[in-house]
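Report on the structure
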Amino acid sequence: MVNRVLVVDDEQTLAGNIQDYLVLQGLDVHVAHDGASAIGAAERTRPEVVVLDYRLPDMEGFQVLETVRQQGTRCHFVLITAHPTAEVRERASQLGVSHILFKPFPLAELARAVLDLMGIKRESRRAADKDTGFVERRQSRSESFPLQLFDGSWVLADRRRNGARPPGPDDDQLLTGE
């Protein structure tokens, strides 16, 4: 059994982090960054699971899903999206998508969904012990901040730097409530 996964996301850092994390789970992972590439990759690689972003630069993820199915590729789909609208959830359900994850999500949760769809029992903590090196930068309206994967969940990278603990309380500083 090959245990092949296709990751489709235009956010290259996120797609790379997902690929690296799933490879640590023992899976053969391929990546595409747009719908047309994803359709070609699915035809070439015949994945068992496609991790599919809803919004791609050239088409909706659902168009990729329908085209891949029309090509005769039999696989499961995990939808990932930053747009968790009722319409997206309903359409995913109609198309038989069993797992929808809303960004940002713990990579451990994605791995659990993928492995479940493949019928693979998840390794205990061995692989999860290695998941601290992935860093991603997220943007809010006013600032950019680094996130780092720690124990399968995203945390602010600055808080986990070199395993250091947060600084202790400064007893000389008064809290004024202002």
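Residues numbered from 1 in each chain as written. Predicted model: local features only at pLDDT ≥ 70, side-chain atom pairs only at ≥ 80, totals over all residues. Heavy atoms only, no water.

- In the nomenclature of an unreviewed UniProt entry, the protein chain corresponds to Two-component system response regulator from the organism Pseudomonas vranovensis.

**Some details on the overall build of the protein chain**
- Within the protein chain, the secondary structure is distributed over 5 helices and 8 strands.
- Element order for the protein chain, N to C, with α for helix and β for strand: β-α-β-α-β-α-β-α-β-α-β-β-β.
- Out of the 178 residues belonging to the protein chain, those deemed buried represent 40%.
- Sequence-distant contacts in the protein chain: of pairs separated by 6 or more residues, those separated by 24 or more amount to 59%.
- Within the structure as shown, the protein chain displays about 10500 Å² of accessible surface, and the carbon and sulfur contribution to it stands at 46%. (Helix = DSSP H or I, 4+ residues; strand = E, 2+ residues; numbered from the N terminus. Buried < 20%, exposed > 50% of the residue type's maximum accessible area, 1.4 Å probe, protein only. Contact = heavy atoms within 4.5 Å. Areas by Shrake-Rupley, 256 points an atom, 1.4 Å probe, with all protein chains shown as cover.)

**Observations concerning the packing of helix 1 (residues 12-24) against helix 5 (residues 107-118)**
- In the contact formed by helix 1 and helix 5, the axes pass within 10 Å of each other and the chain directions differ by 60°. By the angle class used here, helix 1 and helix 5 are oblique. Judged by the sense of rotation from one axis to the other, the crossing of helix 1 with helix 5 is right-handed. Side by side, helix 1 and helix 5 meet where N17, I18, Y21 and L22 of the first sit next to L107, A108, L110 and A111 of the second.
- Of the residues assigned to the contact of helix 1 with helix 5, the class counts are 7 nonpolar, 1 polar and no charged. (Axes fitted to C-alpha atoms, helices over the stretch in contact; angles between N-to-C directions. Parallel < 35°, antiparallel > 145°, perpendicular 65-115°, else oblique. Left-handed = near helix turned anticlockwise from the far one by under 90°. Nonpolar A, V, L, I, M, F, W, Y, C, P; charged D, E, K, R; others polar.)

**Some words on helix 3 (residues 61-70)**
- Taken together, the buried positions of helix 3 are G61, F62, V64, L65 and V68. Looking straight down helix 3, one finds its buried side chains confined to an arc of 155°; they lie on one side.
- Of the surrounding elements, those touching the buried residues of helix 3 are helix 2 (35-45), strand 3 (49-53), strand 4 (76-81) and helix 4 (86-94).
- Positive phi appears at G72, one or two residues downstream of helix 3, with a value of about 95°. (Arc of directions from axis to C-beta.)

**Here we look at the nonpolar core**
- Core analysis: the biggest nonpolar cluster contains 23 residues, and V5, I18 and V114 have the highest contact counts within it.
- For this core, the element with the highest residue contribution is helix 5, accounting for 8 residues.
- Aside from chain neighbours lying at most four places away, what touches V114 is V5, L27, V49, V51 and V78.
- Grouped together as the second largest cluster of nonpolar side chains are 22 residues, V8, A41, V50 and L52 included. (Core = buried A, V, L, I, M, F, W, Y, C linked by side-chain atoms within 4.5 Å.)

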